Amino acid sequence: MSEIINIGGLSAAPGQRVHGFISIGNGEFSLPATIVRGEKPGKTALITAGIHAGEYVGIQSAVELGRDLKIEKMTGTVIIVKVVAKEEFENRHGSLCRATGENLNRLFPGKKEGTTYEKLAYAVVEELQKVADFYIDLHSGDDYEKLTPYVYYAGKAAPEVMKISHQMAEQVDVPYMVKSEVSSGGSYNYAASCGIPSVLLERGGMGAWETEEVRSMKRDVRSILRFLGIYDGHRSMRKYYPLNVTDVQYQSASYTGLWYPQKKAGDLFTEGEILGYVKDYEDNILETCTSYGDGVILYQTGSLQVIKDGPMVAYGRISYEEDDRKEKIAAYWTKRSDSFLEQRRAELHSPLAKRWLEEIEKYLPKKALSPEKKIEDESKERKDAVAKIKEKETGNGKLKILDVGCGTGFFTILLAKQGHQVTGTDLTPDMITNSRILAKEEQVTCDFQVMDAEHLTFQDESFDVVISRNLTWTLPEAAQAYKEWSRVLKPGGLLLNFDANYGATNFAETSDLPENHAHNQLGNSLMQECEDIKRQLPISSYLRPAWDVEELGKNDMEQISIDLGLSKRVYKERDEFYNPTPMFAIAARKQSNS
């Protein structure tokens, strides 16, 4: 890192924050900017806002980032240009050039000699983008647009640039991300085509800005900067992991008229649904906007009027198959399946097995004594009648139990030894293979199946008990899992989940664990991989177990109880099995039909 950098006449040394104006385009454009530099050398990130001057969430976010980014957390440089289309912004001219009607974000890379906006685009490319290693462009809905928060990432560039751009988008706490299919026109598209990983963030709209939208956009930017190694600090809380949206359709109006949308931004729809109408002043329908396929509305016109050839609605198809988190999760646990076999083999013959069984049996329905013992002195006819009733009610005390996310079968085997009919499922095939090995060694009969905990293939009301240990924290859609577990429970059945708030724990930090602990034996690489996966799971940011209780309440579960003292009773020794993160137990009953 050189001692001093100079961007358009604005100079900053390491460890400095400098506010002012940068002069680009041979002095034709003077743009408000902040340069923030860390003491340590590193990469340079360019952040721009106000390429569309009527999109205020991005502009206010840039203003506050320039003020709030902490120098002591910086490695490298962040250049923040708060408003690119400054003249239009200051004169409240909206997002198009007042003189020419041009849209600046359709003109990149611009021209050295051309219209005002073409020259501005050219100057941004030559004097700002070319000094950057990464680029973040901040936008929102225009003064007539309503949108759901989402992020674009570069999709027409060198493979490594597209990969990093996609990873940058994954850091953003929004429900959707869209891969750009063009390499020019937009500022971030063109930057990526020149080798600069780039994203464009969208939040807010309708010519307004809200404090929470700005706060969220700032968190998104900091998350991206952390991923890039430019900003230090803890991972921000997040609500979403963005799903890819493909086949984006931008439907324009065929008439100038009054616009009546039938959906909201963020709504899902199916092919052929009516998304809105364009009408005349007599309420006659001029045009019906119909969807071309299933999808989600990214943004739409929010004003009463639409203009001929102007936008009505933009939507795309959610590509669930491109969500590769489960593949990453299964691949990770495959690497750990052999070590899990050894750990569970030892755990089954350790004091932990008895302790866990005691914890579980606190909640299980009590086994009924055999009818014969209770009615020895009664007539045979009476005994037989009572026995049939008891067997129907209790199954002679044998329960049909589902162990979800069974790993190598610890709970499954433990409960099968008590005479229950137990099925264990896991997403990772190698775990199921090792479960069968361990069950054979322990001489118990269990049913093990490879299955997704979020999409069980069992029929409704199949089990008396659904049990799980250390699974929900690993799930991309834990709420969906709870819904499924409730579905397969019989009325009055028991859901028993043992888990912990692992999102608050850094798995890559193992210095406080015993030397023989499993995490220390795995090595830093595997633990860091686990930490990286965990950061992509929204459940890592939830307040647990409060979140779990709320979700269970939505799924016909009642009599919900929480036990926060579990770890003290189970993990009494700091040995290879020790769990440093306090676990909790959640027990809930499914509503009965009576």
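Residues numbered from 1 in each chain as written. Predicted model: local features only at pLDDT ≥ 70, side-chain atom pairs only at ≥ 80, totals over all residues. Heavy atoms only, no water.

Engineer: Requested: an account of the layout of surface pockets, with residues and values cited.
Structural biologist: Quantified by volume, the largest pocket comes out at close to 1200 Å³. Forming the walls of the largest pocket are 49 residues, and the residues nearest its centre are Asn103, Arg106, Glu145, Tyr250 and Tyr299. Going through the elements one at a time, strand E8 (145-147), strand E9 (150-153), strand E10 (176-179), helix H5 (187-193), strand E11 (198-202), strand E12 (243-252), strand E17 (295-301) and strand E18 (305-306) are the ones with two or more residues in the lining of the largest pocket. By residue number, the principal contributor to the lining of the largest pocket is E12, which donates 8 residues. When grouped by side-chain class, the residues that make up the lining of the largest pocket number 17 nonpolar, 22 polar and 10 charged. (1 Å grid on protein atoms, 1.4 Å probe; cavity = no way out; pocket = protein on both sides within 12 Å on 5 of 7 lines; lining within 4 Å. Points joined across faces, edges and corners; volume = space filled by probe spheres on them. Helix = DSSP H or I, 4+ residues; strand = E, 2+ residues; numbered from the N terminus. Nonpolar A, V, L, I, M, F, W, Y, C, P; charged D, E, K, R; others polar.)

Engineer: Summarise the pattern of salt bridges; cite the residues concerned and give the values.
Structural biologist: Within this structure, the stated rule accounts for 36 salt bridges. Its salt-bridge partner being Lys263, residue Glu273 comes within 2.7 Å of it at the nearest N-O pair. Of this pair, Glu273 sits in the loop between strand E14 (268-269) and strand E15 (274-279) while Lys263 sits in the loop between strand E13 (257-261) and E14, and the two are 10 residues apart along the sequence. Residue Lys263 is classed as buried on the basis of its relative accessible area, which comes to 19%. Across the pair Asp283 and Lys279 runs a salt bridge whose closest N-O atoms are separated by 3.2 Å. Taken together, the shared-partner salt bridges connect Glu64, Arg67, Asp68 and Lys218 into one network. (Salt bridge = Lys/Arg side-chain N within 4 Å of Asp/Glu carboxyl O. Buried < 20%, exposed > 50% of the residue type's maximum accessible area, 1.4 Å probe, protein only.)

Engineer: Which residues make up the pairing of E17, and what are the values?
Structural biologist: Taken across its 7 residues, E17 has 7 buried, putting it largely inside the fold. Note: E8 against E17, 3 bridges, orientation antiparallel. Within E17, the residue paired with Lys146 across the bridge is Gln300. Relative to E17, E14 is paired through 2 bridges, and the arrangement is antiparallel. Bridging from a neighbouring strand, Phe269 pairs with Gly295 of E17. Sheet topology places E17 next to strand E19 (residues 311-318); 4 bridges connect them, and they run antiparallel. (Pairing = 2+ DSSP bridges.)

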